[in-house]
Amino acid sequence: MEALLAPAGRTDPFPLYAEAHRMGPVSAIADGLFLVCGYAAVNQVLRDPGFGLPDTAPRRREETDTAGDDALRSMSRSILRANPPDHERMRSLISQVFTPRRIISMRPAIEDAVDDLLDRLGEAGADGRPADFMNEFAFPLPVTVICELLGVPRADRHRFRPLATDLTEALELSGTTVAPGPADAAARELGGYFTHLIDERRAAPGDDLVSVLVAVRDADDGRLSDEELLANLILLLVAGFETTTNLLGNGLAILFDHPGVSAALRSEEIAISAFVEEVLRYDSPVQVTTRLARASGLVVEGIPIPEGSDVILLIGAANRDPHRYRDPDRFDPARSDIKPLSFGAGPHICIGNSLARLEASVAFHRLLARFPTLSAAPAPARTRRDRLVLRGYETLPVTGRRRLPHQKGARDV
């Protein structure tokens with residue numbers, strides 16, 4: 001764990017995951033602390049109701065007042081960190097409006113957004129200049145999509161990338177004490193923004209998730225509190241694009257490192273959906289999550305987990321478990337039975353996982369068609385975000401040529 005939390009481990013955790021697998025699927029690494037890396041073991045913990053989340057947000061520093069920790073306290077009131085029966089109550093309400101039909105109906109809007117951003121990517125790389133895929137495409141696409149679902153005005157959307165980056169820092173594991181700072185400030189600013197948006201939708205409802213959830217709250221039947229409404233709207237916004245952004249960036253980097261895959265995707269030898277699933281397995285946007293043993297008598301892979309124990313789940317390692325996948329460190333979208341745990345499993349499975357998969361499928365299909373010679377720019381080099389839990393790229397410079405659908409020839413990217 002110390003090595004994983006170090007800079008080299010955050011950059012390339014996979015050799016350490018292989019070491020963890022040699023130790024076994026479950027390891028006791030300290031009194032009341034367990035490390036779980038096996039696919040079956042992680043899957044069991046995620047699905048077992050005996051494991052849950054802490055009842056309250058953990059404190060990150062010793063102090064005598066109640067200041068700080070706004071980010072974690074906000075998350076603790078959302079479905080991300082709720083336990084039964086609150087989790088089921090809130091999730092069932094959100095699921096009623098975040099439906100498969102609504103997500104499928106978003107496809108034309110996603111396609112339009114992808115095409116617009118591909119034009120923007122091409123313009124950014126005009127005259128042969130490198131263009132940053134993360135800045136021009138991978139960040140703005142999921143922001144656009146989730147904001148359309150929520151009903152966030154277009155003029156406000158530029159605000160959320162830095163706020164989400166700061167807020168999700170609170171989800172990272174840390175071996176050091178972290179004082180309240182950017183994450184808490186981001187939680188307060190997002191809370192203020194959505195409080196204002198709630199008031200606007202209450203006065204003038206629209207056909208969006210904010211309006212529907214406000215109506216649920218205002219039914220005054222106790223199904224959703226003010227704090228829960230606010231916390232879940234913040235969660236939907238942030239989770240709605242953080243993981244998808246990483247999925248897009250990780251996927252493109254994999255294409256650059258495995259050029260034969262691009263040709264196979266263009267010829268439809270490999271299905272886009274299979275490629276997306278293998279990206280999720282091979283380089284998961286979410287690498288780590290945690291659980292708390294909330295019942296007695298829990299056993300995982302023959303190892304007793306006492307009640308009250310903390311459990312660290314290495315999702316990225318589980319996705320590369322040699323007992324689950326043959327030659328797990330090889331990227332192979334043609335492999336059978338790809339079922340990554342990247343969006344979780346069981347009651348806490350990511351509520352937007354089908355939306356993320358849809359965005360990625362549309363994006364890669366149109367990206368490969370529009371930019372047949374897209375490649376990694378020789379300089380500047382791609383850079384990883386300094387994260388372990390949420391794994392992705394900060395920058396991913398690209399270059400190449402694209403075909404424009406409305407004219408012959410090509411334009412530099």
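Residues numbered from 1 in each chain as written. Predicted model: local features only at pLDDT ≥ 70, side-chain atom pairs only at ≥ 80, totals over all residues. Heavy atoms only, no water.

**Remarks on the nonpolar core**
This is how the line gets drawn: Take the buried residues of types Ala, Val, Leu, Ile, Met, Phe, Trp, Tyr and Cys, join any two whose side-chain atoms come within 4.5 Å, and each joined set is a nonpolar core. Each residue is placed in one exposure class: buried if its accessible area under a 1.4 Å probe, protein chains only, is under 20% of its type's maximum, exposed if it is over 50%, and partly exposed if it falls in between. Note on conventions: DSSP H or I runs of at least 4 residues are helices, E runs of at least 2 residues are strands, and numbering of each starts at the N terminus. The contact rule is simple, with two residues in contact once any of their heavy atoms fall within 4.5 Å.
Phe133, Leu150 and Leu252 are the most contacted members of the largest nonpolar core, which has 92 residues in total. Considering every element that reaches this core, the biggest residue donor is helix α14 (residues 226–257), with 15 residues. If we ignore the near neighbours within four places in the chain, the residues touching Leu150 are Phe194, Asp208, Leu209, Val210, Leu233, Leu236 and Leu237. Core analysis: the second largest hydrophobic core is formed by 34 residues, Val26, Tyr39, Val311 and Leu388 among them.

**Considerations on unusual backbone geometry**
A cis amide bond links Pro84 to the next residue, Pro85, at an omega of 0°. Relative to the assigned elements, Pro85 resides in the loop between α5 (70–76) and α6 (86–97). Cis geometry is found at the peptide bond from Ala379 to Pro380, where omega equals -5°. Inspection of the secondary structure assignment puts Pro380 in the loop between β9 (375–376) and β10 (383–384). The phi dihedral of Glu268 is positive, around 65°, even though this residue is not glycine. When you line up the elements, Glu268 lands in the loop between α15 (259–266) and α16 (272–282). Although it is not a glycine, Asp337 adopts a positive phi angle of roughly 55°. Looking at the element boundaries, Asp337 is found in the loop between α17 (315–318) and α18 (353–370).

**Overview of the confidence of the model for the protein**
The cut-off we apply is this: Here pLDDT means the predictor's own confidence in every residue, given as a number from 0 to 100.
Per-residue pLDDT for the protein has a mean of 89; in total, 91% of the residues score no lower than 70. Across residues 57–68, confidence stays below pLDDT 50; counting only partners more than four residues off in sequence or on other chains, it has 25 contacts. Contacts of residues 404–413 to residues separated by more than four positions or lying in other chains number 30 contacts, the stretch itself having pLDDT below 50.

**Concerning the pairing of strand β5 (residues 288–293)**
The line we're drawing: Between any two strands, at least two bridges found by DSSP are needed for them to pair.
Pairing geometry for strand β3 (residues 51–52) and β5, over two bridges, is antiparallel. Considered in β5, the bridge of Phe51 is made with Ala293.

**Looking at the pattern of salt bridges**
For clarity, the cut-off: A pair is scored as a salt bridge if a Lys or Arg side-chain nitrogen falls within 4 Å of a carboxyl oxygen belonging to Asp or Glu.
Counted by the stated rule, this structure contains 30 salt bridges. A salt bridge links Asp337 to Arg324; its shortest N-O distance comes to 3.2 Å. Of the two residues, Asp337 is situated in the loop between α17 and α18 and Arg324 in the loop between α17 and α18; the sequence distance between them amounts to 13 residues. Exposure remark for Arg324: the relative accessible area of 23% places this residue in the partly exposed category. One continuous salt-bridge network, built from bridges that share partners, spans Arg107, Glu111, Asp115, Asp119, Arg366 and Arg370.

**Some thoughts on the side chain of Asn232**
Rule in force here: Under the rule applied, a polar contact is a pair of N or O atoms within 3.5 Å (in protein, one hydrogen donor and one hydrogen acceptor; residues adjacent in sequence only if both atoms are side-chain atoms).
With respect to the element layout, Asn232 can be found in helix α14. Only 2.8 Å separates the side chain of Asn232 from the backbone oxygen of Glu228, close enough to count as a polar contact. For Asn232, the residues in contact, after removing those within four places along its chain, are Arg77, Ser78, Ile79, Met90 and Ile94.

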